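Working through the structure, step by step
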Amino acid sequence: MKRPSRDSGESLRGISRRALVLGAAQFGVMGVLAARMRSMQVEEAEQYRLLADENRINLRLLAPSRGLVFDRNGVALAINEQNYRVVMVREDAGDVEDVLQRLRRLIPLTDDDIARAIEEMARHSPFVPVTIADRLAWEEMARVNINTPALPGVQAEVGLSRAYPLGSDTAHVVGYVGPVSDFDLSRIEDQDPLLQIPKFQIGKTGVENKLERILRGSAGTRRIEVNALGRVMREIDRIEGTPGNDVQLTLDAALQSYVEARLDGESAGVVVIDLENGDLTAVASAPTFDPNLFVRGISTKDWTELNENPYRPLAAKAVQGTYPPGSTFKLATALAAIEAGVLDPEETVYCRGYVDVSGNRFHCWKPTGHGNMNLHESLKQSCDCYYYEICQRVGIDLISEMAVRLGLGQRHDLPLSAIAEGLTPTRDWKLKVRGEDWRIGDTVNASIGQGFVLASPLQLAVMVARVATGRQIIPRLIRAIDGVEQPAASDEPLGVNENVLRRMRAALDAVSNHTRGTAYGSRIAADELRLAGKTGTSQVRRITQEERDAGITRNEDLPWERRDHALFVGYAPADAPRFAIAVVVEHGGGGSTVAAPIARDVLLQAMYDGPPPLSAYPSNIRSQIETLQERIQQRIAPGSSSSGRA
Amino acid sequence: MSYLEYNAKYVPTGLRKPLYLNWPLVLLLTAVAGIGFLMLYSVAGGSASPWMEPQVKRFGVGMAAMFVIAMIPIWFWRNMSAMAYAVSLVLLLWVEFFGSIGMGAQRWIDLGFMRLQPSELMKIALVMLLAAYYDWLAPSRTSRPIWVIIPVLLILIPTLLVLKQPDLGTAILLLAGGGAVMFAAGVHWGYFGSVILAGVGAVVAVFQSRGTSWQLLKDYQYQRIDTFLDPSNDPLGAGYHITQAKIALGSGGWTGKGFMQGTQTRLNFLPEKHTDFIFTTLAEEFGYIGASTLLLLYALIIVFCVISALQSRDRFSSLLTLGIAMTFFLFFAVNMAMVMGLLPVVGVPLPLVSYGGSAMLVLLAAFGLVQSAHVHRPR
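Parameters at a glance
Residues numbered from 1 in each chain as written. Chains lettered and ligands numbered in written order. Predicted model: local features only at pLDDT ≥ 70, side-chain atom pairs only at ≥ 80, totals over all residues. Heavy atoms only, no water. Domains from an automatic or database assignment. Contact = heavy atoms within 4.5 Å. Buried area = accessible area lost by both parts, 1.4 Å probe. Salt bridge = Lys/Arg side-chain N within 4 Å of Asp/Glu carboxyl O. Helix = DSSP H or I, 4+ residues; strand = E, 2+ residues; numbered from the N terminus. Nonpolar A, V, L, I, M, F, W, Y, C, P; charged D, E, K, R; others polar. Polar contact = N/O pair within 3.5 Å; in protein donor to acceptor, adjacent residues only side chain to side chain. Buried < 20%, exposed > 50% of the residue type's maximum accessible area, 1.4 Å probe, protein only. Pairing = 2+ DSSP bridges. Axes fitted to C-alpha atoms, helices over the stretch in contact; angles between N-to-C directions. Patch = residues over 30% accessible without salt bridge, like charges linked within 9 Å, V, L, I, M, F, W, Y side chains within 5 Å. Areas by Shrake-Rupley, 256 points an atom, 1.4 Å probe, with all protein chains shown as cover. Core = buried A, V, L, I, M, F, W, Y, C linked by side-chain atoms within 4.5 Å. Arc of directions from axis to C-beta. Expected span 1.5 Å × (residues − 1). Phe/Tyr/Trp six-rings, centres within 6.5 Å; stacked < 30°, edge-to-face > 60°. Lys NZ or Arg CZ within 6 Å of the ring centre and 35° of its normal. Parallel < 35°, antiparallel > 145°, perpendicular 65-115°, else oblique. Left-handed = near helix turned anticlockwise from the far one by under 90°. pLDDT = per-residue confidence, 0-100.

Some thoughts on the domain arrangement of chain A
Residues and elements named next belong to chain A. In terms of domain boundaries, chain A breaks down into domain 1 (60–249) and domain 2 (253–645). A straight line from the C-alpha centre of domain 1 to that of domain 2 covers 44 Å. At the interface, 32 residues of domain 1 touch 35 residues of domain 2. If you sort the residues of domain 1 by the area they bury against domain 2, R72, D169 and H172 come out on top, with a joint share of 26%. At the junction of domain 1 with domain 2, the criterion picks out two salt bridges. Between R72 and D279 there is a salt bridge, with the nearest N and O atoms lying 3.4 Å from each other. Elements that contribute at least two residues to the side of domain 1 that touches domain 2 include exactly β5 (154–163), α7 (171–174), α9 (206–210) and β10 (247–249). For the side of domain 1 that touches domain 2, a count of residues per class yields 15 nonpolar, ten polar and seven charged.

What follows is the structure in structure tokens.
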């Protein structure tokens, strides 16, 4: 039993002192805590709130649906097809492999597909849907849907993907879309966030590419709240994007398909212009390719095949290919000479089969010569000597000036990839580019569309269209955007004497309707639909004197790539032109035998707006035409049936 | 002073005792626990299970224990001090060898109905024993080296055992809590000065030992220190917890995002949101006003304890009350400093608010002792 000590009072006072010290220290610490709390929650609150929002809010982009592309009659050329796919969520699936094996009995899956899916699922968080199979048929989709109870974690989804119902027929014009590549990103200036969406598809070529901004639309946004693992908790808000605008082209899908079918087997470019307003109703290049392959991601094998094909299926020859225009260029040479006042259309030039110009001999295609030639006869029979003579009077610069007025040597403003400028040579050009003086022989060569002169089928079609109408026809490809009609180009007169043009048209009429015309074999029998035009055969090699002496080798005996290009420019009906056409068949041989029949068939198809009756053809070739028509209809049939299904 | 002296003055007895309880303190404790229930309800996404309901039950049990302890005369508890310390020490040794493995540290004894953390018991037992020691020791001897070494050993033995578990937070609490009792008892300033110097030396030693064969802390503890020093180094890895906690706290602003509207909490950006980091949920949902209100309640609890200690007529009651107040203070100060990024994450719960059985029961029992000292004070 301890007695209370004397100093207990003093000791308690000591404790009290120390207790107050301790208490003060504690309050000091609490003051620090309160101050820290205040600085974080009041002074720096804004900054932390921002961080909290960054944590929880994710912005997801909603891809707009791409605008559609139609032809002039409303036939779909590019559509958004429903694309059925099957996705799987790992956390809902349980035994992933087991479910995949069950799924395999319903839809075709390779071992690789399964391995890839398992690997991808392992890489992502368990709640991320992983695509197992893409582009399923509707039946397969239905099978998966019916069996969902047995397939935990498997969902069937519908997405949109681009499809081209006419397939290869419009490949060079409409182009195709593909996923954005790093190359695209480095090239494209616009900073549309849509481009950051993985596998977002943008136009790669053709109209799809050139009208990308119109077709694409603008992105919608979806703000979602996510948790720490990135799982979507809820949608905060959603702003729908604007779908892309629909585009209507001037193309006539039926005619386009016909032309592609007619060109089957050739390497060629054909352009048809509606003379009323400059509408391009067919812009065909052959051979062609299936743009749908590119949308799905083309296989290496298909790609190699397309790339190594000597006929270059990927090239849009109608607008991109340039060729020596050959005799079709005589229109420009003659008009230049008459306009310059150095040639009277009735004046005759004697053709003896060749012309010697400053020590070089230039040959006419007819070694024996044509005799006396005026403008009409020289065009009809395509005499070369006549032009060798008149070109020297007018000079290359004026010829080229006339060629440019007729639509050559310039890029026509069309929404297509790689439009060629062609070449209308001048003295300055040769000095600047080649560093050489222009020589008279160059003019002589150019006068018949050889030498330096280069033109694309599009340019040649524009040329003949301007000659046929006397107006400055400007080609257009876009008829309407978002239902709004696009204005046709202004219809200014060409500024060439109408009397001269009338004489020229009479000559072009004679080319295919006079027995001695170069395209007489390709005439149209129906008088009111008569074909007028000009043939051309352009050499791609030089014919030496020895060869000439030994007799010129026939085209058929040459290797393909050394044969002549076959050309034809023309229009119909001859009396009241409605359509102009240019046909270039690469290494096709003669313009009259190869290119002119194509032009005839295509123009008849255009004028009848469908297969023409056999009566439109001369009686001697009707049976031959009948088989040709059957063959073409068979070629068209599979394409049109597939478009009907889509 | 002994209980004989009580006879000279009036000491409440029998059924009158409850009238003399420190009722403001009871109300404050209930208020703090109430905030805890609210927050546990919130972090469960608006549900009483799994956390709020057991917590309410434990609070009920704890309050009952507090009242029972308060009714028993304080001198009984003084006599029990050595026993409490001995039992706690045995249990600490027990978990050292047989404890269940949880959270990477051996801390619990599974009693079937609850998990007992002997380290929690020890926090109170140590304060009791030290108070009793200085009550027994003649005040003139308080600062004699031999009489200083004994309490130092009494503190160090459990501290080292806890540190070995390893439980850095509890070790700090034992050390600082025990030290506070010694300080209050009047041990000479010089000792504390030397210990603080030695402590600084120890910190230096801890950092120097890193990566050597005599490394003093575990790697994860070093990592926690590193991220404390610069959490931005590794915002998605080791520094993630503290960064997210600070974002939650700061983004609360003045008035908070509203009850159950805390995005950091609800979307799982917060770690251990129902235990050590529950303060950040409070700060996020009720803002500066809510957080400082809790701090104010805690401060009032300290104030009432200190007042009670100052009124005590015997050294045991006074030192015990001060020691328990100090331990309580250390709990919330360390926890708050931790989630505000002022201290490394050491794993100290927010007293009476964080979900957890042992801490709640032991703290309420400790306040039972404070109440007993208050009730049995001669008047």
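Once the structure has been displayed, the description carries forward.
Examining the side chain of H376 of chain B
Looking at where H376 of chain B falls in the secondary structure, it is placed in the segment after α13 (357–375). Polar side-chain contacts of H376 of chain B include one of 2.8 Å to the backbone oxygen of S372 of chain B.

Things to note about the pattern of salt bridges
Summed over the entire model, instances satisfying the criterion amount to 38 salt bridges over all chains. Here the salt bridges share partners, and the residues they tie into one network are R66, R162, E208, E212 and R216 of chain A.

Some points on the side chain of S372 of chain B
All names here are of chain B. Inspection of the secondary structure puts S372 in helix α13. The class of S372 is buried, set by a relative accessible area of 0%. Once residues within four sequence positions are removed from consideration, S372 is found in contact with I69, A70, I72, P73, I74 and W77.

A closer look at the sheet that holds strand β12 (residues 279–286) of chain A
All names here are of chain A. Taken in spatial order, the five strands line up as β12-β11-β21-β20-β19 in an open sheet, and their pairing is antiparallel. Unpaired on one side and paired on the other, β12 and β19 (532–538) mark the two borders of the sheet. With direction set aside, neighbouring strand axes in the sheet form an average angle of 5°. One ladder, built from seven bridges, connects β19 with strand β20 (residues 565–572); its direction is antiparallel. Residue pairing in the sheet places T535 in a bridge with F568 of β20. Sheet contacts for helix α22 (residues 498–513): β19 and β20; angle to β19, the most-contacted strand, approximately 70°.

A closer look at the interface of chain A and chain B
Listed by partner, the interface residues are 39 residues for chain A and 61 residues for chain B. Between chain A and chain B, roughly 4,400 Å² of surface is buried when both sides are summed, and carbon and sulfur atoms account for 70% of that area. Taken as a group, R18, M37 and Q41 of chain A account for 17% of the area that chain A buries against chain B, more than any other trio of residues on that side. Taken together, the connections running from chain A to chain B amount to zero salt bridges. Viewed at the interface, chain B and chain A are joined by six residue pairs in polar contact (both at pLDDT 80 or more). The set of elements that each furnish at least two residues to the side of chain A that touches chain B consists of α1 (8–43), α2 (45–56) and β8 (220–226) of chain A. Of all the elements, α1 of chain A adds the most residues to the side of chain A that touches chain B, at 22 residues.

A closer look at a nonpolar patch on the surface
All names here are of chain B. There is a patch of nonpolar side chains on the surface, built from V152, L156, L160, L163 and L175 and spanning about 380 Å² of accessible area. Counting residues per element, the nonpolar patch draws most heavily on helix α5 (residues 145–164), which supplies four residues. Along the polypeptide, V152 turns up in helix α5. Judged by its relative accessible area of 31%, V152 falls in the partly exposed class.

So, the sheet that holds strand β1 (residues 57–62) of chain A
Within a sheet, neighbouring strands are paired by backbone hydrogen bonds and run either parallel or antiparallel to one another. Residues and elements named next belong to chain A. Here three strands make up an open sheet; going across it, the order is β1-β8-β9 and the pairing antiparallel. Of all strands in the sheet, those with a lone pairing partner are β1 and β9 (232–239), marking the two edges. In this sheet, adjacent strand axes meet at a mean angle of 25° when their direction is disregarded. Across six bridges, β1 lies against β8 in antiparallel orientation. Bridging from a neighbouring strand, N58 pairs with I224 of β8.

Some points on unusual backbone geometry
Cis geometry marks the peptide bond from A572 of chain A to P573 of chain A, where omega comes out at -10°. Mapped onto the secondary structure, P573 of chain A falls in the loop between β20 and β21 (579–585). Following S49 of chain B, the chain continues into P50 of chain B via a peptide bond in cis, with omega recorded as 5°. Note on placement: P50 of chain B falls in the loop between α1 (23–43) and α2 (52–71). Positioned with a positive phi, D609 of chain A is a non-glycine residue whose angle comes to about 50°. Relative to the helices and strands, D609 of chain A is located in the loop between α24 (591–608) and α25 (622–645).

Thoughts on the nonpolar core
Ranked by internal contacts, the top residues of the largest apolar core, which has 120 residues, are F279, L294, Y298, I301, F332 and M336 of chain B. Ignoring any residue separated from it by four or fewer positions in sequence, one finds I301 of chain B in contact with L25, L28, L29, V32, F328 and F367 of chain B. Formed by 102 residues, the second largest nonpolar core is a distinct cluster that contains L215, V462, V464 and I473 of chain A.

What to know about helix α18 (residues 396–405) of chain A
All names here are of chain A. Of the residues making up α18, those classed as buried are I396, I399, S400, M402 and A403. When α18 is viewed along its axis, its buried side chains cluster within an angular range of 160° and face the same direction. Considering only its buried residues, α18 is in contact with α15 (330–339), α17 (385–394), α19 (427–434) and α20 (440–447). With its phi angle positive at about 110°, G407 sits one or two positions after the end of α18.

Some details on the environment of Y84 of chain A
Residue and element names in this part refer to chain A. Of note, Y84 is situated in strand β3 (residues 76–89). Linking Y84 and H587, residues 503 residues apart in sequence, is a C-alpha distance of 45 Å. With near-sequence residues (within four places) excluded, Y84 lies in contact with D134, R135, L136, W138, M141, E157 and V158.

Topic: α1 of chain B
Counted at 1.5 Å a residue, the expected span for α1 of chain B with its 21 residues is 30 Å, and the 30 Å between its end C-alpha atoms agrees. Backbone geometry just downstream of α1 of chain B places G45 of chain B in the positive-phi region, at approximately 75°.

Re the packing of aromatic side chains
Evaluation of the coordinates by the stated rule reveals 25 aromatic pairs over all chains. Geometrically, the ring pair formed by F289 of chain A and F294 of chain A is edge-to-face, given 5.5 Å between the ring centres and 75° between the ring planes. Considering the side-chain rings of F183 of chain B and W189 of chain B, the 5.2 Å spacing of their centres and the 80° angle between planes classify their relative orientation as edge-to-face. For F183 of chain B, a relative accessible area of 10% puts it in the buried group. Taken together, the aromatic side chains of Y298, F328, F329, F332 and F367 of chain B make up a single cluster linked through ring pairs. Positioned above the aromatic ring of W189 of chain B is the side chain of R18 of chain A, whose terminal nitrogen or guanidinium carbon lies 4.8 Å from the ring centre. Stacked on the ring of Y354 of chain A, the Lys or Arg R352 of chain A has its end atom at 5.5 Å from the ring centre.

Observations regarding the packing of α1 of chain B against helix α11 (residues 278–311) of chain B
Residue and element names in this part refer to chain B. Two elements in contact, α1 and α11, have axes whose closest approach is 10 Å; the angle formed by their N-to-C orientations is 165°. When the interaxial angle is binned, α1 and α11 end up roughly antiparallel. Classified by chirality, the crossing of α11 by α1 is left-handed. Seen from α1, the contacting residues are P24, L25, L28, L29, A31, V32, I35, L38, M39, L40, S42 and V43; seen from α11, they are I278, T281, L282, E285, F286, L294, L297, Y298, L300, I301, F304 and C305. In terms of residue class, the contact of α1 with α11 is made up of 21 nonpolar, two polar and one charged.

Points about the confidence of the model for chain B
With 90% of its residues at a pLDDT of 70 or more, chain B shows a mean pLDDT of 85. Mean pLDDT per element in chain B: strand β1 (residues 100–102) of chain B is the minimum at 49, and α1 of chain B is the maximum at 94.

Here we look at the pairing of β12 of chain A
Residues and elements named next belong to chain A. Most of β12 sits inside the fold, with eight of its eight residues counted as buried. Strand direction decides the pairing type here: strand β11 (residues 268–274) and β12, joined by seven bridges, are antiparallel. Within β12, the position partnered with D274 by the bridge is D279. In sequence, β11 turns back onto β12 through a hairpin of four residues, with G278 there showing a positive phi of about 80°.

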